[in-house]
There are 2 protein chains.
Amino acid sequence: SGGSGGTMASESEAQRALQYEQTLMYGRYTQDLGTFAKDEAARLRLQEGDTPQPRHPSELLEYTQGRCAPCRVCALQCQRFLISKVGEDWVFLILLGLVMALVSWAMDFAIATCLQAQKWMYGGLDTNVLLQYMAWVTYPTVLITFSAGFTQILAPQAVGSGIPEMKTILRGVVLKEYLTLKTFVAKVIGLTCALGSGMPLGKEGPFVHIASMCAALLSRFLSLFGGFYENEARNIEMLAAACAVGVGCCFAAPIGGVLFSIEVTSTFFAVRNYWRGFFAATFSAFIFRVLAVWNKDEETITALFKTRFRLDFPFDLQELPAFAVIGIASGFGGALFVYLNRKIVQFMRRQKTINRFLMKKRLLFPALVTLVISTLTFPPGFGQFMAGQLTQKDTLVTLFDNQTWAKQGISDEFEYLGILEAWHHPRSNVFVTLVVFILMKFWMSALATTIPVPCGAFMPVFVIGAAFGRLVGESMAAWFPDGIHTDSNIYRIVPGGYAVVGAAALSGAVTHTVSTAVIVFELTGQISHILPVMIAVILANAVAQSLQPSLYDSIIRIKKLPYLPELGWGHHEKYNVRVEDIMVRDIRYVTLNCKYRDLQQVLHSTKMKNLPLVESAESMILLGSIERTQVGALLSSQLSPQRRLLTLRQKVLSEDGHRLSDSSIRFQISTETSSGTPARPALRKPLKPALKRVPSSPADSPPVGSADHTGIALKSLFCANAATEPTEGCSNTPLLQEEMILGDKMTPAEILEWEEQQLDQLVDFSSAKIDPAPFQLVEHTSLHKTHTIFSLLGLDHAFVTSIGRLVGMVSLKELRKAIEGSLTGKGVKVRPPLASFRDSTASTTEADTTALRQLWDRHQHHHMPREAGPGGDDDDDTPK
Amino acid sequence: SGGSGGTMASESEAQRALQYEQTLMYGRYTQDLGTFAKDEAARLRLQEGDTPQPRHPSELLEYTQGRCAPCRVCALQCQRFLISKVGEDWVFLILLGLVMALVSWAMDFAIATCLQAQKWMYGGLDTNVLLQYMAWVTYPTVLITFSAGFTQILAPQAVGSGIPEMKTILRGVVLKEYLTLKTFVAKVIGLTCALGSGMPLGKEGPFVHIASMCAALLSRFLSLFGGFYENEARNIEMLAAACAVGVGCCFAAPIGGVLFSIEVTSTFFAVRNYWRGFFAATFSAFIFRVLAVWNKDEETITALFKTRFRLDFPFDLQELPAFAVIGIASGFGGALFVYLNRKIVQFMRRQKTINRFLMKKRLLFPALVTLVISTLTFPPGFGQFMAGQLTQKDTLVTLFDNQTWAKQGISDEFEYLGILEAWHHPRSNVFVTLVVFILMKFWMSALATTIPVPCGAFMPVFVIGAAFGRLVGESMAAWFPDGIHTDSNIYRIVPGGYAVVGAAALSGAVTHTVSTAVIVFELTGQISHILPVMIAVILANAVAQSLQPSLYDSIIRIKKLPYLPELGWGHHEKYNVRVEDIMVRDIRYVTLNCKYRDLQQVLHSTKMKNLPLVESAESMILLGSIERTQVGALLSSQLSPQRRLLTLRQKVLSEDGHRLSDSSIRFQISTETSSGTPARPALRKPLKPALKRVPSSPADSPPVGSADHTGIALKSLFCANAATEPTEGCSNTPLLQEEMILGDKMTPAEILEWEEQQLDQLVDFSSAKIDPAPFQLVEHTSLHKTHTIFSLLGLDHAFVTSIGRLVGMVSLKELRKAIEGSLTGKGVKVRPPLASFRDSTASTTEADTTALRQLWDRHQHHHMPREAGPGGDDDDDTPK
């Protein structure tokens, strides 16, 4: 009877587990994706059944008995044919490229329409300045407020750039709700409105996010047809390609897109993914530009911001110092931008009074910021000194213009044509306009990107950089009216080239990338300024990287996403600090022959999410690692009312044997309702977005969910652990009480006694998930190598072992502390002075040898031949 | 007395180990660089002493008591200042860029001079065709023969491209003599001569190799000043940057250089190295182009093969199919080129008679090939139909020309100017010339690149591709004389653009890279054709990758370098095959409590280079891994004549105690000579180049080197193992005999008896190098993930464990077999049908659980509460 009850319980558990997995996909805040992927793969295999071939259409049809079954079969066959001929990845990438190109084009169209509408309104009301002002200000305010509200209501995850989150996701962390359809819709609509408002906001970052969501959704959609789109590792690869597509179709820059996405999201890059990205991004950029041709916007496929600089003599060698100055200044400027942006966010958070007010009226902050910015750019007002009437796109086109604005230093000589006129002011000159533009746009962009709407900062920064470059270029042109070149030909200075260099340099400095150089070439369709651009970008990066983290890393830190800092340049200490210097030595562990009481103690005494499982406290041989939640589950199942009922009933049955079959059936039913029902609502309830949760939150939903059928002794434990969400943890107590009353006749005292008795039993680990090969490091591993391994494999923690024995643990936290400590020159425990006396010819150190000796002795129980010699411990390494 | 003898012996051993390490640096064929780097780091730390700061100048001076000591101090202080201000990496990268730019420029100058000389000779002898022919043919033959001979004598490693070797080195394999000064000199001079001959040879590959050697040498040179240039991990990073510099300064293409080098040499790329490469390559390309300006070759910095295509309408949308055709045809052409190249090499190897003849006269083959090729390109002869008089550079310049050669289909109308005239033939038309050129150059290039001189294949292939593109372009221009565009403006077709597309596509197909697109943009200085180029390159890659390996991978396989094949595209089987399906289950191991006899048996029965060390045969808990050589060393030290002498003497001493001090001194001396002297010559002797050695050679020099002081029982073992180089292994026997006679009074029978007795002793592992954390995998790890981990960490083998127990091993061999099997659809053992019944909700499978249960039982020695239940083994996973 015990056995049959067990199988029934296991079935209901499996059922529950399945539901749990589904919520888990984006709900679990996990960093050990390896284990997760393994489980997931195992689950998929089980679902697939025992045939190694893909499912037959007929098999699938069992699940889709609807009307569209014939279509399904047809689609399946088509798809199978395509896959067999072309390969599934190709199909996926082509679809992704196509969809993203369409999305990008449609959004561009919508944004252009929005901006056109504003211009039309502004132009139509030119009789009354006040009305004009109202129209100029109201329009963006309404759009931004709508965008903020819509995003807030539909999916708050859509706020912001998305690149920091994608970087975190590609590192292996599962962020909840970041890749869903809801977020997709919120991001697309929110971004369109935000950009349509004409605020200094960008679309590059959001496009990376949109493309990733698109890939995730497409992957899910295609998995309806076949089972192979569900692999976790494959999804990560596809997400990496999607990031490239995002940048690629945003700027029609496939190469720059791939490189930018690599630099921004990856630490280690698999070259085999490189091609995927190239393919999808090229296809996407191609379709994106073809759509423009078909729409008669363009005659043929060309660059987005085509320039027409002269090819034969793009720049003189002696102009290079000016380009270098642009680079260095952009480096400082970029760092300042990141700093300013962070300070604004922190200020907004810290100011309790403002904050409380703004929190109540969530849409007030966006509206206020928009109001201020649009007031300042009002063309008849202050905007006339900063080309306020130009949209971002027009600004770039004018800045990259081929002509020199400040001819011979007298700006009036030059005839401003069309949109170029915006830069011209009768009572001022071009230099003043450019300086005002740069200064105003700088803080405006830094402020605008903190608005809680989907937006990026790349494009605003790009424009500011272009303006700065133009400023330098115009100055150079004024300084050397006939160019620097001294030979027969006169080559005038091209300020547009300086603008290109400045744009690449400043955006490179803010994002800490060098691939902005490539993006700039693809955007302008000219590569003639390659060396100035490269020099400026590298110098800007060198300066910016030594001053501030990149904008995306800054956001990652602000949002408290899990991250691993990069190793700095040329800091050789990272080769000298070793794992043993930074590891945590005093760690809790679970032994194979421990009692349930020990488990309880371990859970009470540590907050580690993964507990090492060792053979015994004496040998300390590491056997595997067990998740905290699993330990909790073991404990709770041991102390579960069901088991108590079972023992009770068995005791009753042994006294009175005739109601066997009857009672067991009733028991099963009660088990199912008690274990299944209370668990479901708790799990279905949408969890809070990951950003608001402390990453090191000790207890996740699983123990909370399983806590509802545990006994008294456990309750205190789980309520203590689930302190962050106490209502969820203990809200099920009434249910529990009820259930206990239902079939339980034991008094609380009896229960306590029974539980104490249960706690003294030895743990049966056979039902627990044990990771049989947790990642291990050796004490000697350098910080450099540890960092490499952690970022390569996306690890969260690693155990430090010495000849099989567990000696310590290193987690992301220690590593982060060590790296940031070593970079600032403090906080690192340098290795003990004695460490350098360790024998280097034999890699086994003294400690290892001693440990080995102990093991050996334990096995031998007799002396080694020459242990009696006078050599002592220090010479034992070379005992010949 | 035993103790003091021990310490003396250990000192001499340490001394020996140091020498050994130094030879080892490039001499050891090792793949587990991790361990090596660890040891190396430990050695460095020891050398540095116990202070964590860098050495003071005065400390260093102790080692340089020469005349230049003051200069040294000055240089050191300068260098320290630079490092503190700029960072050591920067200094290194700037120096590397500078040196490589100078080398590249000097070589270009020398090559141009050589080619000029040939043209001058040919032009000066225009009175007599025979003399002209003699001059035309003799000049390259002499140069190529000299190049081949010079390379052969100085450093045979300099032959060929170098990229395959660099790929192998960056994977972590140490190839001997590949990064030395001798090879550098041989490669630079050999390459200059080879390219100066005018043969269809390239310089990209060799430049990658030259830059890497430059980096290695620079690293060593700088390590004279400080100790931080010696880190192994850092060297690998610097080599990766150097590869980028090589391509960058060869084509003045920094971005393309970085990307090409990544694609060609890496599997996983650390994004933090990306910037290094960019910086060094940009600096190098900058200096390279600045030198040209200073030399008055150019007015300013521009592209190498500058094109002047129109910017406003580069191509029509309807031309894209033609570009796609170029791409697909280039894909087939590229695969054919790789196939042809391999077949030529294999044919030359297989033809015993030709081969034997050619081997005797090593320079005959290069001379013959050169003779044939230069005869065919003789301009007054057949060369007139294939523009034979043009150098590679001139050919490219003409092919990228802006004009249309075949105007209105009648080639005569066009006025050929300057070097363009070479393509014009009075009795033929441009199309014929181009077709002949393509066909002839195709086999010529494939043949020429097999000549044993330093040479690459990139540039010849690039030229052929350009010619093919030109052919298609001219055909299109003839087909649509007024262009395809139907609107008001007439935009003629630009055949030069087709040439650019063709060049990128064919070189991309041969090398399996997409970054040739970027190289092409940087080479021509125009990016207007970005979409056609990208589309053609991607299509060419898609076709070529599905037909043949890349040229570099092909060479890697021909040269039998260790490699790991890439996972194919869209083969989902790689997610379904798991480690347990491919691992070797029946592996030999060493137990902690084994006897020396067991070691001997293990060595006899397996050829594995790393043996697992387990706790005991029953528990099979993996404690670490021990190198085969270490096991050999343990055995040999146990059976060494010294130990025998020691026991003998101790026995004598115990009988007769008065000659104690005297004999011990004499003993020490004899130890030193006997252990030190025979070892040194064996190790100092330069080893054969790695290419000629079988990668799976079971025994390396270390066991051979240590075999010379072992006893009789060991000799057979080592001679058997060192079968590949038997003379080295047993040549020291006379020495051994002599030595034995010197101080040995035991008869062979006594020795045998003593050795048998020694073999029965338990092994003392304390002197052996044990890797305490060998890489472990779990049975469930997918092939995909295993491949990732192997290529990420550059692993050679990994042990498969299950909850600490050793269950199998996977080495590169198994992995290679599994991947290549899965790609061709055969040879893979699919997982057993039962495997899918494994429980998926709990990650511990049945096997794990059983193992865990066993362990647990072993510790408990009593039954679990519910093991008596009827659930059976299969239900034990969920025992509730």
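Residues numbered from 1 in each chain as written. Chains lettered and ligands numbered in written order. Predicted model: local features only at pLDDT ≥ 70, side-chain atom pairs only at ≥ 80, totals over all residues. Heavy atoms only, no water.

(A) Highlighting helix H18 (residues 458–479) of chain B. Given a rise of 1.5 Å per residue, 22 residues ought to cover 32 Å, and the 31 Å separating the end C-alpha atoms of H18 of chain B matches this to within 8%. Most of H18 of chain B is tucked away: 18 of the 22 residues are buried. (Helix = DSSP H or I, 4+ residues; strand = E, 2+ residues; numbered from the N terminus. Expected span 1.5 Å × (residues − 1). Buried < 20%, exposed > 50% of the residue type's maximum accessible area, 1.4 Å probe, protein only.)

(B) The pairing of strand S4 (residues 622–627) of chain A, seen in detail. All names here are of chain A. Of all the six residues making up S4, six are buried; the element is thus mostly covered by neighbouring parts of the structure. By the bridge criterion, five bridges tie strand S3 (residues 610–614) to S4 in an arrangement that is antiparallel. From the neighbouring strand, Pro612 faces S4, where its bridge partner is Ser625. The pairing of S4 with strand S5 (residues 770–771) spans two bridges and is classified as antiparallel. Looking across to S5, one finds that Ile626 is bridged to Ile770. (Pairing = 2+ DSSP bridges.)

(C) Region of interest: the domain arrangement of chain A. The domain architecture assigned to chain A consists of domain 1 (86–295), domain 2 (317–347 + 390–407 + 417–559) and domain 3 (572–639 + 760–826). With centres defined by C-alpha atoms, the gap from domain 2 of chain A to domain 3 of chain A works out at 48 Å. (Domains from an automatic or database assignment.)

(D) Quick look at the confidence of the model for chain A. All names here are of chain A. Scored by pLDDT, chain A comes out at a mean of 72, with 68% of its residues at no less than 70. Ranking the elements of chain A by mean pLDDT puts helix H1 (residues 2–27) last with 35 and helix H19 (residues 495–511) first with 93. When the criterion is pLDDT under 50, residues 1–38 qualifies, and its contacts beyond four places in sequence or with other chains add up to 83 contacts. (pLDDT = per-residue confidence, 0-100. Contact = heavy atoms within 4.5 Å.)

(E) Region of the structure containing the packing of aromatic side chains. Within this structure, the stated rule accounts for 34 aromatic pairs over all chains. A ring pair is formed by Phe400 of chain B and Phe462 of chain B, whose centres lie 6.4 Å apart and whose planes are at 85°; its orientation type is edge-to-face. Of this pair, Phe400 of chain B sits in the loop between helix H16 (392–399) and helix H17 (430–448) while Phe462 of chain B is found in helix H18, placing the two residues 62 residues apart along the sequence. As far as burial versus exposure is concerned, Phe400 of chain B and Phe462 of chain B are alike and both buried. Among the aromatic side chains, those forming a connected cluster through ring pairs are Phe251, Phe260, Phe400, Phe458 and Phe462 of chain A. Lying across the ring of Phe207 of chain A, Lys203 of chain A places its NZ or CZ 5.0 Å from the centre. (Phe/Tyr/Trp six-rings, centres within 6.5 Å; stacked < 30°, edge-to-face > 60°. Lys NZ or Arg CZ within 6 Å of the ring centre and 35° of its normal.)

(F) Inspection of the side chain of Thr511 of chain B at higher detail. All names here are of chain B. Topologically, Thr511 is positioned in helix H19 (residues 495–511). Within the structure, Thr511 has its side chain in polar contact with the backbone oxygen of Ser507 (distance 2.7 Å). Here Thr513 takes part through its side chain, which lies 2.8 Å from a polar atom of the side chain of Thr511. With sequence-adjacent residues up to four places away left out, Thr511 is seen in contact with Phe260, Phe458, Thr516, Ser550 and Tyr552. (Polar contact = N/O pair within 3.5 Å; in protein donor to acceptor, adjacent residues only side chain to side chain.)

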